[in-house]
Each structure stands twice: as structure tokens, then as C-alpha cells.
Amino acid sequence: MEIRYATISKTGRRHNNEDAYKVIDMPQNNQFMGIVCDGMGGHSFGETASETVCYTISDFWKKHIGMPDCDSKVKLACKKASCAIDKKSSELHHAEMGTTMVMVSIFGRTIQKYGSRHFASKDDG
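Just so you know, these numbers come straight off a predicted model, no measurement behind them.

## Structural notes on the environment of T99
- Here T99 shows up in strand β3 (residues 98-107).
- Note: C-alpha distance between T99 and I85 (14 residues apart in sequence) is 9.6 Å.
- In this structure the side chain of T99 is engaged in a polar contact, spanning 3.1 Å, whose partner is the backbone oxygen of D38.

Shown next, in the form of C-alpha cells:
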């Protein structure tokens, strides 16, 4: 299986880029996963949120290659990402941060799209 893709990211009116993306291409396993996260405007750490969620979900995907790509795999990855963003928020003195996420997985001849999910830190005080 050969997958061709391209990426582009623009900051628009923002001064910094809050986009994060990751591609996992595993032709030997007939698998491909691409994820894009976009930090939410109005939150001071949107770029941190998008990087954290993007990294956490892609890392989960690589560690669970043998698990079929399905809704339950996505839910587990998103739970990990939600915990990671809450931890990051706590490390930054309860900073408000949030991101959206969209991803696609190709497993054999099956293509699945997930997103856009919204991740935001909770201010626990």
C-alpha cells in the first residue's frame, strides 16, 4: 500500500502556529494514520494543547499496532490524550488550553475518519 500525502499549515491572524500534525505510515502492516490538531483560539496555550494531544494519540497508536483500528481504540487514545492535557495544564499552573482533533486511519482496505473532538483543560482550582 502506498499513501501519498502533503501538509500545509498557516497561522492566519495569529502570531504563532497552533497546528500540530503527525503521520504514521506502516506499509509493512498495511496501516496508515494521520492526525491534525488545531489549538483553540482564546486559550493561551493552544499550541501546547494541540502538540500534547497529537503526540499522545499518535504514540498510543504506535504502541497498539496489533489492536484493530476501531472506535474503542480511538476512545482509549482520546482518554489518554484527555489525561495528558489535564496533566500539562496542571504543570502550567492550571492554564486554560484546548484543541480540536481530526484523524484518519487506514487499516488494510478499511478507511475510517474520526473527529473533530474537542479537548480542553479543566480548571480544578
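## Focus: the confidence of the model for the chain
- Confidence in the prediction for the chain averages 85 pLDDT; 90% of positions are at 70 or higher.
- Per-element confidence in the chain is highest for helix α1 (residues 46-63), whose mean pLDDT is 94, and lowest for strand β4 (residues 110-120), whose mean pLDDT is 74.

## Quick notes on unusual backbone geometry
- A positive phi is found at N30, a non-glycine position, where the angle reads about 60°.
- The topology assignment puts N30 in the loop between β1 (19-26) and β2 (31-39).
- Given the relative accessible area of 33%, N30 is considered partly exposed.

## Brief notes about the side chain of T52
- Mapped onto the elements, T52 comes out in helix α1.
- Given the relative accessible area of 11%, T52 is considered buried.

## So, the packing of α1 against helix α2 (residues 71-91)
- For the pair α1 and α2, interaxial distance at closest approach is 9 Å and the crossing angle is 140°. Taken together, the axes of α1 and α2 lie oblique to each other. Read as a crossing pair, α1 and α2 show a hand that is right-handed. Here T48, A49, T52, V53, T56, I57, F60 and W61 of α1 come into contact with α2, specifically with K73, V74, L76, A77, C78, K80, A81, A84, I85 and K88.
- Taken together, the residues that form the contact of α1 with α2 break down as 12 nonpolar, 3 polar and 3 charged.

## Things to note about α1
- The end-to-end C-alpha distance of α1 is 26 Å, a good match for the 26 Å that 18 residues give at a rise of 1.5 Å each.
- Most of α1 is tucked away: 14 of the 18 residues are buried.

## Remarks on the layout of surface pockets
- Here the largest pocket is characterised by a volume of approximately 230 Å³.
- Lining the largest pocket are 17 residues, and of these T7, Y21, V23, I35 and V36 lie nearest its centre.
- Elements with a minimum of two residues in the lining of the largest pocket: β1, β2 and β3.
- Per element, the largest residue contribution to the lining of the largest pocket is 5 residues, and it comes from β1.

## Details of the environment of Q112
- Here Q112 lies in strand β4.
- Take Q112: its relative accessible area is 23%, and that puts it in the partly exposed class.
- Once the C-alpha coordinates of Q112 and C70 are considered, the two residues, 42 residues apart in sequence, prove to be 8.1 Å apart.
- For Q112, the residues in contact, after removing those within four places along its chain, are D69, C70, M103, V104 and S105.

Conventions we followed
Residues numbered from 1 in each chain as written. Predicted model: local features only at pLDDT ≥ 70, side-chain atom pairs only at ≥ 80, totals over all residues. Heavy atoms only, no water. Helix = DSSP H or I, 4+ residues; strand = E, 2+ residues; numbered from the N terminus. Polar contact = N/O pair within 3.5 Å; in protein donor to acceptor, adjacent residues only side chain to side chain. pLDDT = per-residue confidence, 0-100. Buried < 20%, exposed > 50% of the residue type's maximum accessible area, 1.4 Å probe, protein only. Axes fitted to C-alpha atoms, helices over the stretch in contact; angles between N-to-C directions. Parallel < 35°, antiparallel > 145°, perpendicular 65-115°, else oblique. Left-handed = near helix turned anticlockwise from the far one by under 90°. Contact = heavy atoms within 4.5 Å. Nonpolar A, V, L, I, M, F, W, Y, C, P; charged D, E, K, R; others polar. Expected span 1.5 Å × (residues − 1). 1 Å grid on protein atoms, 1.4 Å probe; cavity = no way out; pocket = protein on both sides within 12 Å on 5 of 7 lines; lining within 4 Å. Points joined across faces, edges and corners; volume = space filled by probe spheres on them.

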